[in-house]
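Commentary on secondary and tertiary structure
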Amino acid sequence: MPRQYQHPILPQTAHDEDALQSFVISMRGHISANLTPGNRQAFERDVAPTYKKSHGRAPANRHEVRRAMLRHPFHQSWSALIRTTQEMIWDSPGHSALRQIDALNAAAKPKPKRKTSGTLTLDPSVKIPPYLSAVDIHCMPGNFHQEVAAEDDVYAAAVYDRGAYIYIMGGMGPLGDALGQMLVDYTKATFPDLAPKRILDMGCGIGGGTLPFVDAFPGAEVHGIDVSAPMLRYGHARAEALGGKMHFTQMNAERTSFPDASFDLVMTHIVVHETSQKALRNILKECRRLLKPGGVTLHCETPMYDARLSPFDQSQTDWDTYFNNEPFVGPMHGLDADALMREAGFADDELANGDLPLYVPGVDDGETGDDYRHRIGGYLSILGARRRV
Ligand SMILES: C[S@@+](CC[C@H](N)C(=O)[O-])C[C@H]1O[C@@H](n2cnc3c(N)ncnc32)[C@H](O)[C@@H]1O
């Protein structure tokens, strides 16, 4: 597993915190490699045959699989382990961030006399949407926006930066930016003539997915918006420390204050599965409004539930909907991507939904010599469209 890049705003990890974080990573690795495959065995050997006996047919969809699996003792134990370790993921980063919160807030605070290349614009009138304030997404206490200090707080972002690295076991690389790297590759391969002058990342968080676009399109003006002030403060300080010029602004992606047709590329990384269906529809409409003629919108997501995923495979990711405080995962992945983009106002010949090939970071594929280009066979889904010229 690659070591997380120690940028200056990242919380320092003390000895005992490091021990606990290493334990959680190892435990999750063990569950994933050795226990999770047992769910499929339990389904194929016990659950499916029993279901067929009593119903005269196989389970027809992910809901029937889930309800049947819930009664199986192996699945129950696996589920309890995953949930318990999911809560543990955030424990140590939370303590660690709290222990050094004054120093973190001071380090991230924009200094009046220091010239920065990018900008930070906060708007305290922006409200956290109810779908974010009601749920601590993936069991992260306080979600993305909780503040623990009276001003200039970065607590939630510090917890997210370290916790997300543990959650995906370093799978997004030392800078947590593999998704952005992959989306850059996809954008260039799918729209080779696109030379974006203005780029917007909605729900940019700490800018992990955005900075690769700063590097890939050096002439472009790159913006990131988020409703969470702590994420934006931390993201700005982090981007400056890493030498990436981007503009962070506190805005709700459902209704931004940018003028019509002001961007060539509008994107999100792993945001839509954490968004209510109503907000998602508003965001996609907003993307269309913001695109210049010929502009592209791309939303990078875990795989949609299409015919390639069996009801069992769908039920595996749908576990998050019920047990990982991710209420929008199942409903969102079950949507028809084309219908959704049409509803946002895109015409049939503007639709550009597709698959994003998945790579493992930190491994050289021997061809390009690039750390982010080792294909592992999986894919992510892209909800996309390109406005007519
Ligand atoms: C899972 S994080 C992803 C962050 C980032 N895109 C990344 O790849 O690391 C989701 C982010 O979307 C933000 N978000 C959710 N709904 C939003 C909305 N309607 N407007 C702006 N930001 C939103 C959250 O505050 C959070 O920072």
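Here is a short report on the structure shown in this document. Not measured: the values here are computed from a predicted model. Residue numbering note: each chain is counted from 1, following its sequence as written. Residues qualify for local features only when their pLDDT is at least 70, as the model is predicted, and side-chain atom pairs are given and counted only at 80 or more; totals for whole chains, interfaces and linings, by contrast, use all residues.

A closer look at the overall build of the protein chain
In plain terms, the rule: Each helix is a run of H or I in the DSSP string that is no shorter than four residues. Each strand is a run of E no shorter than two, and both are numbered from the N terminus. Only C-alpha atoms enter the radius of gyration; for comparison, a globular chain is expected to reach 2.2 Å times N to the power 0.38, where N is the number of residues. The burial criterion counts other C-beta atoms lying within 10 Å of a residue's C-beta, which is placed from the backbone; the residue is buried at 20 or more, exposed at 12 or fewer, and partly exposed between these limits. Working definition of a contact: two residues with C-beta atoms, positioned from the backbone, lying within 7 Å.
Looking only at helices and strands, one finds 14 helices and eight strands in the protein chain. Taking 389 residues into account, the globule formula puts the C-alpha radius of gyration at 21 Å, and the protein chain, at 21 Å, falls close to it. Dimensions of the protein chain along its principal axes, counting C-alpha atoms only, are 70 × 55 × 50 Å. A buried classification covers 41% of the 389 residues belonging to the protein chain. Counting only contacts in the protein chain whose residues sit at least 6 apart along the sequence, the fraction spanning at least 24 positions is 77%.

Focus on the nonpolar core
Let me state the cut-off plainly: The term nonpolar core refers to a group of buried residues, namely Ala, Val, Leu, Ile, Met, Phe, Trp, Tyr and Cys, whose C-beta atoms join them within 7 Å.
Counting residues in each nonpolar core, the largest one holds 78 residues, and the members touching the most others are Ala157, Ala158, Val159, Tyr160, Met202, Tyr234 and Val266. The element best represented in this core is helix H7 (residues 155-167), accounting for ten residues. With five residues, the next largest nonpolar core counts Phe43, Val47, Ala68 and Met69 among its residues.

Looking at the environment of alanine 164
Here alanine 164 shows up in helix H7. The exposure class of alanine 164 is buried, given the 21 C-beta atoms found within 10 Å. When the C-alpha positions of alanine 164 and alanine 150 are compared, they lie 25 Å apart, and in sequence the two are 14 residues distant.

Some details on the environment of glycine 203
Relative to the helices and strands, glycine 203 resides in the loop between strand E2 (198-202) and helix H9 (211-216). Taking the C-beta count within 10 Å as the criterion, glycine 203 has 25 such neighbours and is therefore assigned buried. Separated by 64 residues in sequence, glycine 203 and methionine 267 place their C-alpha atoms 9.0 Å apart. Not counting residues up to four positions away in its chain, the partners in contact with glycine 203 are Asp226, Ala253, Thr268 and Val271.

A word on the packing of helix H2 (residues 37-55) against helix H4 (residues 73-99)
The test is simple: Axes, fitted as lines to C-alpha atoms, cover a helix only where it is in contact. Angles between the N-to-C directions of the axes lie from 0 to 180 degrees. Roughly parallel covers angles under 35 degrees, roughly antiparallel covers those over 145, roughly perpendicular covers 65 to 115, and oblique covers all other angles. Left-handed describes a crossing in which the near helix is turned anticlockwise from the far one by less than a right angle; the clockwise case is right-handed. For this scheme, ten residues count as nonpolar: Ala, Val, Leu, Ile, Met, Phe, Trp, Tyr, Cys and Pro. Four count as charged, namely Asp, Glu, Lys and Arg, and the remainder, Gly too, count as polar.
Packing of H2 against H4 brings their axes to within 9 Å, and their N-to-C directions diverge by 160°. By the criterion of interaxial angle, the relationship of H2 to H4 is roughly antiparallel. For the element pair H2 and H4, the recorded crossing hand is left-handed. Judged by residue contacts, Gly38, Asn39 and Ala42 of H2 engage Phe74, His75 and Trp78 from H4. By residue class, the composition of the contact of H2 with H4 is three nonpolar, three polar and no charged.

Looking at helix H1 (residues 15-35)
For the record, the criterion: An expected span of 1.5 Å times one less than the residue number is assigned to each helix.
The end-to-end C-alpha distance of H1, which contains 21 residues, comes to 29 Å, matching closely the 30 Å that a straight helix rising 1.5 Å per residue would cover. Looking at the buried residues of H1, the elements they touch are H4 and H7.

Looking at unusual backbone geometry
Unlike most non-glycine residues, aspartate 152 shows phi in positive territory, near 55°. Topologically, aspartate 152 is positioned in the loop between helix H6 (130-133) and H7. Residue methionine 169 is not a glycine yet carries a positive backbone phi of 50°. Positionally, methionine 169 belongs in the loop between H7 and helix H8 (178-190).

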